[in-house]
Amino acid sequence: MIDLRSDTVTRPTPPMRRAMAEADVGDDVYGEDPTVIRLEEEAAARLGRPAALLCPSGTMCNQLWLRVLARPGTEVVVEADAHLVNYEGGAGALLGGVQFRTVTGERGLLAPGDVAAAIRPDRFPITPTSLVCIEQTANRGGGSVYELDRLEAIRKVTANAGVPLYCDGARVFNAAVATGTDPAAYAALVDGLMFCVSKALGAPVGSLMVGEADAIAEARVWRSRYGGAMRQAGVVAAAGLVALEQMVERLAEDHAHAHLLASAAAEVRAGIVDADRVETNIVMLEGVDAAAVVAALRQEGVLAGAMDPRTVRMVTHPDVSGDDAERAAAVLTRVLAALPASPAPPPGG
Ligand SMILES: Cc1ncc(COP(=O)(O)O)c(C=O)c1O
């Protein structure tokens, strides 16, 4: 099977497994795991921020940043398709005590003017805005990238309003490699950021919060409260270090593979995807009978995901070789060519 459901399905590479087996470890709750400390220092350095904190998941990082940067009983402005809103089990409301003010962007990207319009003042009984969140890359937006100028403009808006800006940078290294931007340039424009080593960087576990030292110290307390403090976590941090050392530059291959898949799809069915807008490792096929496409692909050894009844997602990653990508593109071509001419209507419509 060629598994394109997500870049979370990657298995640790042989160098990661070796590093994990040989990792120097200690009790990280006592601050004594040298490998965790190295990974946190490396993450902070790569993103150009003073401090970092290793967490078990991207979701936990997002939730901890909500605790640290937002205030319970306020609003968080976020794009309507964001992971924070859609795929975290309502944790922002349940654990963070915030409500989301969602804004529909283009390909998952917020426009500075829309952010300005969505920010609400702190004047009772208005529910004030305490945080603005962006997602880099925008997952449901098809792996789209916030270019620096858009991010700078959003930063100006949030700074004028006195509201902090947070980046769910689960795939910030994909954005950096796709645009040739230093990831630190993105991190410099936000008050907090998280990124995952467990996605296309191939590590089995782990995400890192990066930001100011006092914010990270506060997050460390909340990480314990949320049950995310780990003991000999150097075993997983070791793989994270290999991910940062060996797996960043190669992301360009994943992006080329995603482009190949999108081009194959667009050639058979104009309009379901614009290959020129596939910037990173995520391909969204829109306006198809998603269940039928996913089932037909599976029959031919390709796994994809149905994001909703009309949208199929395919994600490239290190476990998809060049040969796999070509084979998947050929299968996709056959499957799409065999689909009925008009896509299935949406449910109930
Ligand atoms: C944009 C984004 N943020 C956060 C997460 C959460 O990461 P995790 O699965 O490690 O909790 C994901 C996971 O796919 C994601 O795509």
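Check the entry above for the structure.
S.K.: Can you walk me through the packing of helix α12 (residues 251-268) against helix α14 (residues 322-338) in this structure?
M.R.: Angle between the axes and distance between the axes are the two parameters that describe a pair of packed helices. Where α12 contacts α14, the two axes come as close as 9 Å, and the packing angle between them is 20°. One element, α12, and the other, α14, form an angle in the roughly parallel class. When you trace α12 past α14, the crossing you get is right-handed. Each of His257, Leu260, Leu261, Ala264, Ala265 and Val268 in α12 lies in contact with α14, whose residues at this interface are Gly322, Ala325, Glu326, Ala328, Ala329, Leu332, Thr333, Leu336 and Ala337. Residue classes in the contact of α12 with α14 are distributed as 11 nonpolar, three polar and one charged.

S.K.: Just to check I follow, could you spell out the pairing of strand β11 (residues 305-308) for this structure?
M.R.: As defined by bridge partners, β11 adjoins strand β12 (residues 311-315) across three bridges and the pair is classed as antiparallel. Across the sheet, alanine 306 pairs through a bridge with valine 312, a residue of β12.

S.K.: Explain helix α7 (residues 148-161) to me, please; I cannot follow it from the model alone.
M.R.: For an α-helix, the turn length of 3.6 residues means that residues three or four places apart are oriented alike. Its 14 residues give α7 an end-to-end C-alpha distance of 20 Å, which sits within 8% of 20 Å, the value for a rise of 1.5 Å per residue. Taken together, the buried positions of α7 are occupied by Leu151, Ile154, Val157 and Thr158. Around the axis of α7, the buried residues are gathered within 120° of arc, so they sit on the same side. Pointing more than 90 degrees away from the buried face of α7 are the exposed residues Asp149, Lys156, Ala159 and Asn160. In the core, the buried residues of α7 are packed alongside α6 (112-118), β5 (129-135), β6 (165-168) and α9 (183-187).

S.K.: Would you explain the side chain of threonine 311 in this entry?
M.R.: For threonine 311, the location among the structural elements is in strand β12. Taking relative accessible area as the criterion, threonine 311 reaches 4% and is therefore assigned buried. At 3.4 Å, the side chain of threonine 311 and the side chain of glutamate 286 are in polar contact. A distance of 2.9 Å separates polar atoms of two side chains, one belonging to threonine 311 and the other to aspartate 308. Those residues in contact with threonine 311 that sit more than four places away from it in its chain are Met284, Leu285, Glu286, Val288, Ala290, Gly305 and Ala306.

S.K.: Can you help me understand the sheet that holds strand β9 (residues 282-286) in this one?
M.R.: In sheet architecture, strand pairing relies on hydrogen bonds along the backbone and comes in two forms, parallel and antiparallel. Read across the sheet, three strands follow the order β9-β12-β11 without closing on themselves; strand pairing throughout is antiparallel. Only two strands of the sheet have a single neighbouring strand rather than two, namely β9 and β11. Averaged over all neighbouring strand pairs, the angle between strand axes comes to 30°, with direction disregarded. Here β9 runs beside β12; their pairing, made up of five bridges, is antiparallel.

S.K.: Please clarify how the environment of methionine 16 should be interpreted in this entry.
M.R.: Note on placement: methionine 16 falls in helix α1 (residues 14-22). For methionine 16, a relative accessible area of 0% gives the class buried. Distance in space between the C-alpha atoms of methionine 16 and phenylalanine 124 is 53 Å, their sequence separation being 108 residues. Setting aside residues no more than four positions away along its own chain, methionine 16 makes contact with Leu201, Gly202, Ala203, Pro204, Ala239, Val242, Ala243 and Met247.

S.K.: Would you mind going over the state of the cysteines with me for this structure?
M.R.: As used in these notes, a disulfide is a covalent bond between sulfur atoms, one from each of two cysteines. Under the criterion given, the structure shown has zero disulfides. There is no disulfide at cysteine 133, and the cysteine sulfur nearest it, in cysteine 167, is 9.3 Å away.

S.K.: What's the story with the environment of leucine 285 in this structure? I'm lost.
M.R.: Positionally, leucine 285 belongs in strand β9. When the C-alpha positions of leucine 285 and proline 50 are compared, they lie 40 Å apart, and in sequence the two are 235 residues distant.

What counts, and where the lines are drawn
Think of each chain on its own: its residues are numbered from 1, step by step along the sequence as written. With pLDDT at 70 or above as the cut-off, local features in this predicted model cover only qualifying residues; side-chain atom pairs require 80 or more to be listed or tallied, and sums for whole chains, interfaces and linings still use all residues. Only heavy atoms go into the side-chain values, all of them from the structure, while hydrogens and water stay out. Only C-alpha atoms enter the line fits that serve as axes; for helices the fit covers just the stretch in contact. Angles between N-to-C directions range over 0 to 180 degrees. Strands here mean DSSP runs of E at least two residues long; helices mean DSSP runs of H or I at least four residues long; both are numbered from the N terminus. Relative orientations are named as follows: roughly parallel for angles under 35 degrees, roughly antiparallel for angles over 145 degrees, roughly perpendicular for angles from 65 to 115 degrees, and oblique for any other angle. By definition, any crossing whose near helix is turned counterclockwise from its far helix by less than a right angle is left-handed, and any crossing with a clockwise turn is right-handed. Contacts were defined at the residue level, with two residues in contact if any of their heavy atoms lie within 4.5 Å. Classification convention: Asp, Glu, Lys, Arg as charged; Ala, Val, Leu, Ile, Met, Phe, Trp, Tyr, Cys, Pro as nonpolar; all other residues, Gly among them, as polar. A pair of strands counts as paired when DSSP detects no fewer than two bridges linking them. A helix is expected to span 1.5 Å multiplied by its residue count minus one. Only protein chains enter the calculation, and the probe is 1.4 Å; a residue is then buried if its accessible area is under 20% of its type maximum, exposed if over 50%, and partly exposed in between. Throughout, the arc means that of the directions going from the helix axis to the C-beta atoms. Here a polar contact means two N or O atoms within 3.5 Å. Within protein one must be a hydrogen donor candidate and the other an acceptor candidate, and residues neighboring in sequence count only if both atoms are side-chain atoms. Any two cysteine sulfur atoms lying within 2.5 Å of each other are counted as a disulfide.

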